[in-house]
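# Fold and contact review
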Protein chains: 2
Amino acid sequence: MTIYDFPIGPYPARVRIALAEKNLQAQVSFVLVDLRKGQHKQTEFLKLNYSDTVPVLELDDGTLIAECTAITEYLDALDGNPILTGKTPREKGLIHMMNKRAEIELLDAISMYFHHATPGLGPEVETYQNPEWGFRQRDKALKGMGYFNDIFSRHHFVAGETFSMADITVIAGMIFAELVKLPVPPEYQALAAWYESMTQRPSVRDRVAMSRPR
Amino acid sequence: MTIYDFPIGPYPARVRIALAEKNLQAQVSFVLVDLRKGQHKQTEFLKLNYSDTVPVLELDDGTLIAECTAITEYLDALDGNPILTGKTPREKGLIHMMNKRAEIELLDAISMYFHHATPGLGPEVETYQNPEWGFRQRDKALKGMGYFNDIFSRHHFVAGETFSMADITVIAGMIFAELVKLPVPPEYQALAAWYESMTQRPSVRDRVAMSRPR
């Protein structure tokens, strides 16, 4: 398998963490798509993914799978033991709900803030910005941190009793928050403590270290 | 099971079509959430779904599952025969990719246009609008129609050889396009023909009839 990605990116981190949780790293080779050069918006890359985002998984038969949730579904199903995406109907439903909620209320909101209300990937790449929208999304993400803080004041994981795809998506949100210097408000101690505990997890540790601004 | 929704809404249509495909309608009772009155933004509803969107599925044990993809995953898994969300890893990956792409490039984009660049649900409900963002998303949706037109000029279904969750999401996009009077550009004949064929499908026919402006 081949993965096209940008190693420090928060979305690529989702798939790299999933790969590590499934112990599949050795079966994948990586191809760099340099977002800072806008390579994800160039014709050659758009043939891989119409939506100009990384990561993209290419199977050995040439099948292309974009979108983190889709790639995670694929990887998690390979061994018939879907520990990340759920085994029962209820688990699948709750994990997909919380995964999507982590996107809408945290990760995607921070991404919008980054691309629209900060210099983002630079003027050559960010050819359209809507700062008002970006700041609005930043505020949404900060409110979303409060939502997840409430959850972690009562639960160890985002969805159910074990680590899942939904936790990975919140982790990616926290990685992105660090990248854009959007600190967790000090009153959200449960969220900060949960994230600290997640960074001890081997699959997460390397990702966080790579993405942290040096 | 109980579903909280707004029957003419395009997102509720996704779950109602899935219910019909799985022949589960008789097992569900529906509760109206009147979006035009902003009931989805009121405290009572937000206890059901932090993200203030319909539909929400409530199981008999009180478990709440929001988000169309999550609800579809749940319903599709109940009988151990996941015809809508994929059986093999490759099917799961491709269906989830195309489902997400249909959201990003079509359905969600039209929703943004509706809420930000048209009167939407009315001034009492639409308390923040960003028209520039809305029009930008309208243009994205029109471009997205071109993308799906290309697919339907070569394939009968969005992902793979059978009807899936991804088709349902494109159908919801087309329902929303009709509601906001965003016609399919005449050059996209394959998309129009595909949609016409989908409206012959029993699960889809009633939904489209209900949502069409009278």
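How each quantity is defined
- Residues numbered from 1 in each chain as written.
- Chains lettered and ligands numbered in written order.
- Predicted model: local features only at pLDDT ≥ 70, side-chain atom pairs only at ≥ 80, totals over all residues.
- Heavy atoms only, no water.
- Helix = DSSP H or I, 4+ residues; strand = E, 2+ residues; numbered from the N terminus.
- Buried < 20%, exposed > 50% of the residue type's maximum accessible area, 1.4 Å probe, protein only.
- Expected span 1.5 Å × (residues − 1).
- Contact = heavy atoms within 4.5 Å.
- Least-squares fit on C-alpha atoms with pLDDT ≥ 70 in both.

### Re unusual backbone geometry
Omega for the peptide link from valine 54 of chain A to proline 55 of chain A comes to 5°, which places this bond in the cis form. For proline 55 of chain A, the position within the fold is in the loop between α2 (43-46) and β3 (56-58). Within the chain, lysine 181 of chain A stands out as a residue other than glycine whose phi angle is a positive 55°. Given the relative accessible area of 65%, lysine 181 of chain A is considered exposed. We note that aspartate 52 of chain B has phi near 45°; this positive angle belongs to a residue other than glycine. For aspartate 52 of chain B, the position within the fold is in the loop between α2 (43-46) and β3 (56-58).

### Describing helix α5 (residues 131-152) of chain B
The terminal C-alpha atoms of α5 of chain B lie 31 Å apart, and with 22 residues this matches the ideal 32 Å at 1.5 Å per residue to within 8%. Along α5 of chain B, the residues classified as buried are Trp133, Gly134, Gln137, Ala141, Gly144, Met145, Gly146, Tyr147, Phe148, Asn149, Ile151 and Phe152 of chain B. Residues of α5 of chain B that are buried sit in contact with α4 (89-117) and α5 (131-152) of chain A together with α4 (89-117), α6 (165-179) and α7 (189-198) of chain B.

### Considerations on helix α3 (residues 68-77) of chain A
For α3 of chain A, a buried count of ten out of ten residues is recorded, marking the element as mostly surrounded by other parts of the structure. Burial in α3 of chain A covers these residues: Cys68, Thr69, Ala70, Ile71, Thr72, Glu73, Tyr74, Leu75, Asp76 and Ala77 of chain A.

### Comments concerning the relation of the copies chain B and chain A
With an axial shift of 0.0 Å and an RMSD of 0.0 Å, the rotation relating chain B to chain A amounts to 180°. Given the turn and translation reported, the copies of this chain are related as if by a two-fold rotation axis. Measuring from the rotation axis to each C-alpha of chain B, the shortest distance belongs to tryptophan 133 of chain B, at 3.7 Å. The overlap is high: 100% of the interface residues of chain B also sit at the interface in chain A, so the same surface is used on both sides.

By themselves these figures say nothing about function.
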